[in-house]
Amino acid sequence: MKKIITLALLFLSFFAFSQQQTIDQKVEILLKKMTLEEKIGQLNQYTGDNAATGPITINSNKKSEIKKGLIGSMLNIMGTQYTRQYQDLAMQSRLKIPLLFGLDVIHGYKTTFPIPLAEAASWDLTAIELSARIAATEAAASGIHWTFAPMVDISRDPRWGRVMEGAGEDTYLGSKIAYARVKGFQGNFGDVNSVMACVKHFAAYGAAIGGRDYNSVDMSNRMLWETYLPPFKAALDAGAATFMNSFNDLNGIPASANTYLLRDILKGKWNFQGFVVSDWGSIGEMVNHGYVKDNKEAALASITAGSDMDMESNAYRYHLEELVKENKVPVALIDDAVKRILRKKFELGLFDDPYKFCNPEREQKELNNPEHTKAAREIAAKSIVLLKNKRDVLPLSKGLKTIAFIGPMVKSKRDNHGFWAVDVKDVDSTYIVSQWEGLENKVGKRTKILYAKGCGVEDKSKEGFADALLVASQAEVIILSIGENFNKSGEAKSKSNLHLPGVQEDLIKELQKTGKPIVILINAGRPLVIDWIADNMSTIVYTWWLGSEAGNAIADVLFGDYNPSGKLPMSFPRTEGQIPIYYNHFNTGRPAETETSTNYVSAYIDLKNSPKFPFGYGLSYTTFEYSDLKLSQKTIKNSESITVSVNIKNTGSVKGEEVVQLYLRDKVGSVVRPIIELKDFQKISLNRGDTKTIQFTIDNQKLSFYNNALEFGSEPGDFDLMIGSSSADIRLRDSFELVK
Ligand code: BGC
């Protein structure tokens, strides 16, 4: 106790900042006291010893380095107990600058939420913000200051395993979600319930050639600005405290040393005041890229370009001082990076109380908060996408006597968490409601549930089929839960074959012979190629990975206690040969008029152009009728806006939610424009028989794009306006003209 008080007094007396001083003044005062070595220490981030989320480069003596003030931040240390231990070390350093603790809190902390791609399928910005809010509350209660999220990389390539971490293929939806997630994580910045967001990966990482992780990206700057950068800007507008650069090279320059991205755009044009952390080892990896000769050159290139903190490369730690002494790196550059980091430490309140986030009582309370579980169940249900319900098998009747629940995912627990779930120590992190438990919870003793695994996810053997058939023969309905294991998507999980692994499709074919109704649940972290299933099976539910409450949420949807409302945030390809596939493509000079035209048109001779399931698609247990599209004016000047109104009626027999999507097409541009582009949407809830009039506003921003000179603006001319239930299910159309 005495020791703690002495430490606290020492701490207070050393800084003695006055209440009147602004954070910038405090930062300046502190900076003046720092040696060059201590400054460089702030730019240095190491992983904890327990968990590594990448290849560890050097087994350094971290603890003693912290005591010497040579480390500014640690990642992968969690829990009030452990973060306190590490913060204690920092409090023994000369200047007692608190450490920042960062972690990949991607879709929940102890309570896991659907993987981000699944959550994006909810199109429910309030729910998405809430999920990030709860994740932040739990993480912050467990000593974490900083999450490496949201990932806002647009991707049109489901081979890329990291699509599970983002919001899919669309820039508009992705930007809205990026904004919501940052708001959710950061809450009231500086509160004990909030963490800093880290927007990643800057930039264009999702366009890795061939969908192969870490691969190069080559694209025009126009495409970069129009499609890949807006979600980053939206996250910045939401107040994102930090950015992370990406592993890839962009047009030949690795992102970690990309002056155009970091200096010109992020810190220049966008005036970003927070700090940039490298990705894991990405500074050092520039040697492999062939961009620099060694770690020293890597440090020079990265600090010059604007990467402020070095995660796990040891490039800054071991080379910056020398580079300053050689006059290759001006101290002002180091000072700028240090100030950015210190500012965040002040804003978080860590100089007032370095242990602010280390309260075990709060940790206990927040990590076991039943409100969080409740929200996780609701958000999981909202993320489910009903792909087919042709024979109205769903929702299942609560009067069923026997259900056969078959498949490798039925009793799996860990899979439901999805990739990037946090392995929370010291608390019950195994809380996952399996799909089996969810169904049991739902039907109680009323219905008999029979189980057979049928096969393992990747099995080659059909040994379990007989058992599955036996069980199926005794049931009124078969629910078959199949897919791809959770660890087949995520970082470094690129795949060339997106078909269902193993003999799972054969299992479906066998069960189909029984003639019984079959509900297929497909669990995956990416769009899979499910062409055969889509053509041959009548009832398909895409469940992604839904988190802690997966089982309950799935049961809610199966029995109609929640009417599914999810819409796909990515196009589902018919086969891998269509990738990259995205709905908002250009028309080309020879567009295919029909799905079968192949005569000198832009098409495949062996495959349709359209996806199997389009962007924005998803069914409900009810139906919606769209009518009365009205535009407030048919001609506008670019200072004006159009109010669009449309009536949506629930024409089915149950309450439901619909995502009403507004798309535009700019008919002629100084650069060619997509055939259709999402520009707004609203998710509404309607009781059966009810009608709602909803309104959208089309302003100049929505009509603008980047021309070849990278100027953002609109151009006079005709626009098509489309309102639909998906990008391929346009219900109402009109047009208007933009005049000078
Ligand atoms: C990933 C980042 C992650 C970091 C720290 C890297 O390998 O690309 O997204 O935040 O590791 O875990």
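Scroll up a little and you will see the structure.
None of these values were measured; they are calculated from a predicted model.

Q: Explain the overall build of the protein to me, please; I cannot follow it from the model alone.
A: Within the protein, the secondary structure is distributed over 24 helices and 26 strands. Here the C-alpha atoms of the protein give a radius of gyration of 27 Å, agreeing with the 27 Å that 2.2 N^0.38 yields for 740 residues. Principal axes of the C-alpha set define a box for the protein whose edges measure 75 × 65 × 45 Å. When the 740 residues of the protein are sorted by exposure, 61% land in the buried category. The long-range share in the protein, meaning contacts at least 24 apart out of those at least 6 apart in sequence, stands at 79%.

Q: Even after reading the chapter, I still don't get the packing of aromatic side chains, so can you show me in this structure?
A: Two numbers describe a pair of aromatic rings. These are the distance of the centres and the angle of the planes. Per the stated rule, a full pass over the model turns up 29 aromatic pairs. Ring centres of Phe 202 and Phe 232 lie 5.0 Å apart, and the angle between their planes is 70°; this geometry places the pair in the edge-to-face category. With Phe 202 in strand S5 (residues 198-202) and Phe 232 in helix H10 (residues 230-237), the pair connects residues that are 30 residues apart, well separated along the chain. A single burial state applies to Phe 202 and to Phe 232, both of which are buried.

Q: How should I be thinking about the pattern of salt bridges in this particular structure?
A: Per the counting criterion, the structure on display carries 45 salt bridges. A salt bridge links Glu 28 to Lys 339; its shortest N-O distance comes to 3.0 Å. A residue pair is termed long-range when its members are at least 10 positions apart, and Glu 28 in helix H2 (residues 23-33) and Lys 339 in helix H15 (residues 331-347) qualify at 311 residues. The partly exposed category is assigned to Glu 28, whose relative accessible area is 31%. Since its relative accessible area comes to 21%, Lys 339 is described here as partly exposed. Across the pair Asp 104 and Lys 200 runs a salt bridge, and its minimum N-O distance is 3.1 Å. Of this pair, Asp 104 sits in the loop between strand S3 (100-103) and helix H6 (116-120) while Lys 200 sits in strand S5, and the two are 96 residues apart along the sequence. Exposure remark for Asp 104: the relative accessible area of 9% places this residue in the buried category. Classification of Lys 200 by relative accessible area gives buried; the value is 1%.

Q: Just checking my understanding: could you explain the site of the ligand for this structure?
A: Neighbouring the ligand are 13 residues; Thr 53, Asp 104, Arg 162, His 201 and Asp 279 lie closest to it. The contact in question runs from an oxygen atom of the ligand to an N or O atom on the side chain of Lys 200, over 2.8 Å. The separation between an oxygen atom of the ligand and a polar side-chain atom of His 201 is 2.7 Å. Summarising the interface, the protein chains cover 100% of the accessible area of the ligand, which totals 310 Å² for the free molecule. The residue makeup of the shell around the ligand, split by class, is 6 nonpolar, 2 polar and 5 charged.

Q: What is the right way to look at the sheet that holds strand S15 (residues 518-523) in this model?
A: The strands that make up a sheet are held in pairs by hydrogen bonds between backbone atoms, and each pair lies either parallel or antiparallel. The mixed open sheet is built from 6 strands, whose spatial order is S11-S16-S15-S14-S12-S13. Sheet topology places strand S11 (385-389) and strand S13 (448-452) at the edges, where each strand pairs with a single neighbour. Taken over all neighbouring pairs, the strand axes of this sheet differ in orientation by 20° on average, direction set aside. Strand direction decides the pairing type here: S15 and strand S16 (residues 539-542), joined by 4 bridges, are parallel. When the bridges of S16 are listed, Ile 522 appears paired with Tyr 542. Where helix H19 (residues 435-443) meets the sheet, it contacts strand S12 (402-406), S13, strand S14 (477-483) and S15, and its direction lies at approximately 170° from that of S13.

Q: Help me understand the sheet that holds strand S21 (residues 677-686) in this model?
A: Spatially, S18-S26-S25-S20-S21 is the arrangement adopted by the 5 strands of the open sheet, whose pairing is mixed. Taken across any chain shown, the strands that pair with only one partner, and hence form the sheet edges, are strand S18 (635-637) and S21. Recorded for the sheet is a direction-independent mean angle of 30° between the axes of neighbouring strands.

About the thresholds
Residues numbered from 1 in each chain as written. Predicted model: local features only at pLDDT ≥ 70, side-chain atom pairs only at ≥ 80, totals over all residues. Heavy atoms only, no water. Helix = DSSP H or I, 4+ residues; strand = E, 2+ residues; numbered from the N terminus. Rg over C-alpha atoms; globule rule 2.2 N^0.38 Å. Buried < 20%, exposed > 50% of the residue type's maximum accessible area, 1.4 Å probe, protein only. Contact = heavy atoms within 4.5 Å. Phe/Tyr/Trp six-rings, centres within 6.5 Å; stacked < 30°, edge-to-face > 60°. Salt bridge = Lys/Arg side-chain N within 4 Å of Asp/Glu carboxyl O. Near = heavy atom within 4 Å. Polar contact = N/O pair within 3.5 Å; in protein donor to acceptor, adjacent residues only side chain to side chain. Areas by Shrake-Rupley, 256 points an atom, 1.4 Å probe, with all protein chains shown as cover. Nonpolar A, V, L, I, M, F, W, Y, C, P; charged D, E, K, R; others polar. Pairing = 2+ DSSP bridges. Axes fitted to C-alpha atoms, helices over the stretch in contact; angles between N-to-C directions.

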